Amino acid sequence: MSEAKRQAAEKAIEYVKDGSVIGVGTGSTVAYFIDALGRIGDRIKGAISSSEQSTRLLRERGIEVVDLNAAGPLALYVDGADECDPQRRLIKGGGAALTREKIIAEASTQFVCIIDASKQVDVLGRFPLPVEVIPMARSLVAREIIAMTAGQPVWRQVDDGKGLVTDNGNYILDVHGLAITDPVALERTLNQIPGVVSVGLFARRPADVVIVGGQPPQVI
Ligand code: 5RP
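Residues numbered from 1 in each chain as written. Predicted model: local features only at pLDDT ≥ 70, side-chain atom pairs only at ≥ 80, totals over all residues. Heavy atoms only, no water.

## So, the pattern of salt bridges
Quick reminder of the rule: By salt bridge we mean one thing: a side-chain nitrogen of Lys or Arg within 4 Å of a carboxyl oxygen of Asp or Glu. Buried residues are those whose accessible area, probed at 1.4 Å on protein chains only, stays under 20% of the maximum for their type, while exposed residues exceed 50% and partly exposed ones sit between those limits.
The full count for this structure, using the stated rule, is 16 salt bridges. When the shortest N-O distance is used, the salt bridge between glutamate 101 and lysine 92 registers 3.1 Å. Taken as a pair, glutamate 101 and lysine 92 share a single burial class, namely buried. In this structure, a network of salt bridges that share partners links the residues Glu3, Arg6, Glu10 and Arg39.

If you want it as structure tokens, here you go:
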């Protein structure tokens, strides 16, 4: 599927306006977008990065990384997704960057999501829903999610058997077994649990455009 990811990423370059600061997501599809952005680096002012990983890739390609507080509203945000439904609502956070991704999406007038066809679903929830939590609230949030939903939260681990720590110093719970028929309501409900930093549902603020890699890419 990497060729499809590259095709979607290349197509997204058409949305970049000269002289602008671009919001940039995280992940393997976005890595292709950063490659393409590097080729037109002299046409843009810089980028707002959603993760340490993307910051490194952007700098390697000579693109200046700008603080969101200094940039103001953004015209464009480009990011991948783990799942996408027909209303362009998304599950994100497979790369643990959901909180910064959500902040940049909110700051942007246009959110262009780049995916391959394997990410398209009718109902969100086959991909476990990432929820970023303050470490001391991990068990509390897990119990509340079990009480409120049909889902099973699993603490995301790294290879050494420790909890994965996000760029913000928090943990991730991946909620398995959800069939998310009302993503806006679930996003709102989970956001209200004390200790939840952010929920990987992008439903209240979905993507504006979804590009599915292919020959030619499909724009939804
Ligand atoms: C990172 C994300 C990514 O956009 C999502 O995981 C998709 O990644 P990839 O492009 O590698 O398939 O939400 O937090």
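## Things to note about the domain arrangement of the chain
The cut-off we apply is this: Where a domain begins and ends is set by an automatic assignment or by a domain database. It only takes one pair of heavy atoms within 4.5 Å for two residues to be counted as in contact. Buried area is calculated as the accessible area (1.4 Å probe) missing from two parts once they are joined, with the contributions of both summed. Whenever a nitrogen or oxygen atom comes within 3.5 Å of another N or O atom, the pair is scored as a polar contact, on the condition that within protein one atom can donate a hydrogen and the other can accept it, and that pairs from neighbouring residues in sequence are kept only if both atoms are in side chains. Helix and strand definitions follow DSSP, with helices as H or I runs of at least four residues and strands as E runs of at least two, each counted in order from the N terminus.
Assigned domains of the chain: these are domain 1 (2–120 + 204–219) and domain 2 (129–199). The C-alpha-based centres of domain 1 and domain 2 are spaced at 24 Å. Listed as interface residues are 15 residues of domain 1 and, on the opposing side, 17 residues of domain 2. Across the domain 1 to domain 2 interface the summed buried area is about 1200 Å²; carbon plus sulfur atoms make up 53%. Linking lysine 102 and glutamate 187 is a salt bridge whose minimum nitrogen-to-oxygen distance equals 2.7 Å. For the interface between domain 1 and domain 2, the tally reads ten residue pairs in polar contact (both at pLDDT 80 or more). With four residues, helix H5 (residues 98–107) is the single largest residue contributor to the side of domain 1 that touches domain 2.

## Topic: the packing of helix H1 (residues 2–12) against helix H2 (residues 28–39)
Heads up, the condition is: Helix axes are fitted only over the stretch in contact, all axes being lines through C-alpha atoms; the angle between N-to-C directions runs from 0 to 180 degrees. Roughly parallel means an angle under 35 degrees; roughly antiparallel means over 145; roughly perpendicular covers 65 to 115; every other angle is labelled oblique. Each helix crossing is assigned a hand: it is left-handed if the near helix lies turned anticlockwise from the far helix by less than a right angle, otherwise right-handed if that turn is clockwise. Residue classes follow a fixed rule: Ala, Val, Leu, Ile, Met, Phe, Trp, Tyr, Cys and Pro count as nonpolar, while Asp, Glu, Lys and Arg count as charged, and any other residue, Gly among them, counts as polar.
Here H1 crosses H2 at 45°, and the two axes come no closer than 8 Å. When the interaxial angle is binned, H1 and H2 end up oblique. With respect to the hand of their crossing, H1 and H2 are arranged in right-handed fashion. From H1, Ser2, Lys5, Arg6, Ala9, Glu10 and Ala12 reach across to H2, where they touch Ser28, Thr29, Tyr32, Phe33, Ala36 and Arg39. Classifying every residue of the contact of H1 with H2 by side-chain character gives five nonpolar, three polar and four charged.

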